[in-house]
Amino acid sequence: MEARMPENILIAVAWPYANAEIHVGNLTGSHLPGDIAARYHRLKGNNVLMITGTDAHGTPVTLAADKAGKSVEEVYRFYHEGFIDLFQKIGITYDLYTTTHSENHFKVSQTIFLALLKNGFLFKKTEPQWFSPGLNRFLPDRYIEGTCYICSADGARSDQCDACGNVLDPAKLVNPKSKIEGDASSPELRDTEHYFIDLSKLEPDVIKYLKDRADYMRDTVLGESLRKIEAEGLRPRAITRDLDWGIPVPVGEAGWETKKLYVWFEAVIGYLSAPIEWGQVSGQKEAWREWWINPEAKQFNFIGKDNIFFHTSLWPAELMGVGSAFMEIFAGEEVPLILPYDVPANQFMNLEGKKISGSRNWAVWGRDVLTRYDPDAVRYYLTVNMPEAKDSDWDWAEFVTRNNNELVATWGNLANRVLAFCYKNWDGRVPDVDSLRPADLELLAAIENGFHTVGAELEAVRLRSALGETMKLATLVNQYLDVNAPWSAIKTDKAEAGKTIYTALKAIDSLKVMFAPFLPFTCERLHGFFGYETPLFGEQYTETVKDSLGEHLVLRYRVGQIANLSPQWKPSELKPGTKLNQPGPLFKKLEENVAEEERARLGK
RNA sequence: GCCGAGGUAGCUCAGUGGUAGAGCAGGGGACUCAUAAGCCCUUGGUCGGGAGUCCAAAUCUCCCCCUCGGCACCA
């Protein structure tokens, strides 16, 4: 393949919230597609930085801590460490998985706030907000419900009634109640002053930002952003809250000590602060600029559809409002930050036809499912069923059949049958061949072409399609084997059988690379069967970072011994005579009763 | 109510102007290297309904029906 300049690719994933475990819907929604993209670009030789971390702040964490009788820090650390354990077990290779509760993130977030203030995009405004006398704290609207004063339906939110659809005046809500368990006090409206970001002023910029990307952004994403904004406009939005837990608002005025930056205003800033922290812990303090100042860099935000607004409106608005002022305050140079290239948001994954619900245990939890199934089996099903265009469904019976009929039968069996046949009949070595036949060259050409077609799908973040293309190529090799039947040929002409096996091995060696972003664990094993001495991927590890807020665990990724290899996203160059290692099955076939057993676990 | 996304073979879904597709499930066959896997052939659809534009529509326009999601100070 032609030489090319490496691209700088930032893979930024939505920040998991520290009040619940991660389930398969969260994985397929953002972490897994991000990891597949990151691994592909690494194989391609691009400079990849994949980051995110735990969103530690916000009211729900505070309330979860109250309920558990623990400190907010304990609660956030509990989930944070669990997330890191899961990402190692399922191979989500963050270069840095950190947290919003770090000195660095505080500083970067506050700098963004100050830059927006400097540029005139923030204003203060006093509004009534619900206050719980029982909890002695302000509560977000979602925690208040009452009776609608228009249609008399119960369960109306304070600003809108779902029953009649009317927008409500919170002050008129009848019999307002706190939805917090154990809070029997009657919430009341109290005036409170907050900072707002003037999104209406930034609306033309946001529209232009989205229109510039409209030819490749997903239709579902544009529908929830561009078309919605054109229809409804953007309104100013409060970016501070009355809360003890969170990032202090960097204004030295009295009365602001009890207020914090709104979680989504600051969580998205993590896409900037995490690369900065990554540079610090890697001893390359300025390296983050390669993904944030370099206008050629491409940033991807992998998120679920629930976050589309924050990533297609609020975050670009923050960045455009900041302009060069962030760097001016942060580093003393007036250069602008770049804007995200694409926001490939996924829809939701349901479970057995119903919406996933953590509180009702209608969920397949990431760490739990990995105690019974291999990570690549889970990754495979989550990828073929990824909700790229619309909501999808995790169905246990389908999990079993896709595992058995596709992963095991088409791909795993292909690798195993060819390697085992070769190992047994050619003394553990790749057969020697003098020349190849037209059919052999034809197969290898088709496989080689896959690096272009599958690569194009991966670059466009059409992951289901990319995996489907790869699986089709595996079928092509199965067909080739059937036509050439080396198990028959070997009885009369071992050289001919050797050509078939050599060709098939080379094809499998190539397919291994194409499958690797999706199935990294088994492809790494297969890589080992072929006798390679360096791995396909680097390794994950954790370390503890200390700062003025204390310390936090981070997950990292070390490229290690493959750092100096040339890009691996290219056709196999397998040499005749290469010594193989003892092969074995890559995947496990699942029993038919698995679906029944798993369904019995749900909802309990 | 408003906004958005969907409604294509029994099931899960791909397909945005040019003779209806894939995988699974069902039926038949040849083979045996392989986790009884793989391969070949095959049954099956008036592309939610109606009207329109066009030489030509699953694909564009309009109306209607149904499902799901959101309704932004909730993450």
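Note that this is a predicted model, so its numbers are computed, not measured. (Residues numbered from 1 in each chain as written. Chains lettered and ligands numbered in written order. Predicted model: local features only at pLDDT ≥ 70, side-chain atom pairs only at ≥ 80, totals over all residues.)

Digging into the protein's contact with RNA strand B
Link 1 in the chain: Close to RNA strand B lie 57 residues, the nearest being P140, D141, G223, A238 and A409.
Link 2 in the chain: The biggest single contributor to the surface near RNA strand B is helix α15 (residues 396-425), with 12 residues.
Link 3 in the chain: Its residues placed into classes, the surface near RNA strand B shows 19 nonpolar, 18 polar and 20 charged. (Near = placed C-beta within 6 Å. Helix = DSSP H or I, 4+ residues; strand = E, 2+ residues; numbered from the N terminus. Nonpolar A, V, L, I, M, F, W, Y, C, P; charged D, E, K, R; others polar.)

A word on the sheet that holds strand β1 (residues 8-13)
Link 1 in the chain: What the six strands build is an open sheet, ordered β13-β1-β2-β3-β17-β16; its pairing is mixed. Each edge of the sheet is formed by a strand with only one pairing partner; in this case those strands are β13 (298-302) and β16 (539-547). Put simply, the sheet's adjacent strands are angled 20° from each other on average, direction ignored.
Link 2 in the chain: Sheet analysis places strand β2 (residues 47-54) next to strand β3 (residues 96-99), joined by four bridges and oriented parallel. Note on β3: the bridge partner recorded for G53 is T98.
Link 3 in the chain: In this fold helix α1 (residues 24-43) packs onto β1, β2 and β13, with an angle of close to 165° to the strand it touches most, β1.
Link 4 in the chain: Contacts between helix α9 (residues 270-281) and the sheet are confined to β1, β2, β3 and β16, with β2 contributing the most and set at about 110° to the helix. (Pairing = 2+ DSSP bridges. Axes fitted to C-alpha atoms, helices over the stretch in contact; angles between N-to-C directions. Contact = placed C-beta atoms within 7 Å.)

So, helix α17 (residues 463-484)
Link 1 in the chain: Helix length check: α17 (22 residues) gives 32 Å between terminal C-alpha atoms against 32 Å at 1.5 Å per residue, within 8%.
Link 2 in the chain: Among all positions of α17, only L463, A466, L467, T470, M471, L473, A474, V477, Y480, L481 and N484 are buried. With its buried residues spanning 160° around the axis, α17 presents them on a single face. With respect to the buried face of α17, the exposed residues turned more than 90 degrees away are Q479, D482 and V483.
Link 3 in the chain: Packing partners of the buried residues in α17 comprise α1, α14 (375-384), α15, α16 (438-459), α18 (486-492) and α19 (494-515).
Link 4 in the chain: The positive-phi residue at the C-terminal boundary of α17 is A485, with phi of around 35°. (Expected span 1.5 Å × (residues − 1). Buried ≥ 20, exposed ≤ 12 C-beta atoms within 10 Å, placed from the backbone. Arc of directions from axis to C-beta.)

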